[in-house]
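So the chains spell out like this:
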Amino acid sequence: MRDVVDIEEQELKELFKLVDKIGNKRYHKLTQQDFETYRKFDYWRYVNGDYECGTTEESKEWVRDHSDWDCPICDRKYSGKGCKTIDHKLPRSQYPWLSMEFKNLWVICQTCNREKGEMHWYEYERYVLAKYPDLYDAVKAARPNQLLQSLKDSST
């Protein structure tokens, strides 16, 4: 079993190494459109507050369509954890052009969002595995595989 975990860990590490390389290359050549996308998310996004508040009807609807009653990480009811928040799996500070890429967004509770902060997904998975091993499967299941593959494919 440990060998399987080590192989998965190595594959994940290699994938994120490649994604970081692609990300750094793109980050250092940000376009005006990248900044506009970043700012557009500020308008679109869900604003933290009580229950279903948001800046636009579209963002509120997206949150309703992409969440249920419980946070996918800690499995606790949103109502008892502050509220729902929209989080970027790959941080927009490092990947601003992915700000409005819906494969990069998920709805999590405010507490889990604060704890994740600006961690890169790979770093976050390792953090959860070390600190909350019982929550790791939920985080691993939410891994942005399609998004990572699309970044990888765009480099070839």
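Residues numbered from 1 in each chain as written. Predicted model: local features only at pLDDT ≥ 70, side-chain atom pairs only at ≥ 80, totals over all residues. Heavy atoms only, no water.

Draft legend 1. Just helix α3 (residues 57-65), in detail. All of the buried residues along α3 are S59, W62 and V63. Projected onto a plane normal to the axis of α3, the buried residues spread over an arc of 100 degrees and lie on a single side. Opposite the packed face of α3, turned more than 90 degrees from it, sit the exposed residues E58 and D65. (Buried < 20%, exposed > 50% of the residue type's maximum accessible area, 1.4 Å probe, protein only. Helix = DSSP H or I, 4+ residues; strand = E, 2+ residues; numbered from the N terminus. Arc of directions from axis to C-beta.)

Draft legend 2. Spotlight on the state of the cysteines. Enumeration over the complete set of coordinates arrives at zero disulfides. Between C71, a cysteine without a disulfide, and C109, which holds the nearest cysteine sulfur, the sulfur-to-sulfur distance is 3.8 Å. By relative accessible area, which is 1% here, C71 ends up buried. Of the cysteine sulfurs around C112, a residue in no disulfide, the closest is that of C109, at 3.5 Å. (Disulfide = S-S within 2.5 Å.)

Draft legend 3. Summary view of the pattern of salt bridges. Scanning the entire structure with this criterion turns up four salt bridges. Two residues, E115 and K131, come together in a salt bridge whose shortest N-O distance is 3.8 Å. With E115 in helix α4 (residues 110-116) and K131 in helix α5 (residues 121-131), this pair connects stretches of sequence that are 16 residues apart. Salt-bridge contacts for R143 lead to E125; the nearest nitrogen and oxygen are separated by 2.7 Å. Remark: E125 occurs in helix α5 and R143 occurs in the loop between α6 (136-141) and α7 (145-154); sequence separation between them is 18 residues. Exposure remark for R143: the relative accessible area of 18% places this residue in the buried category. (Salt bridge = Lys/Arg side-chain N within 4 Å of Asp/Glu carboxyl O.)

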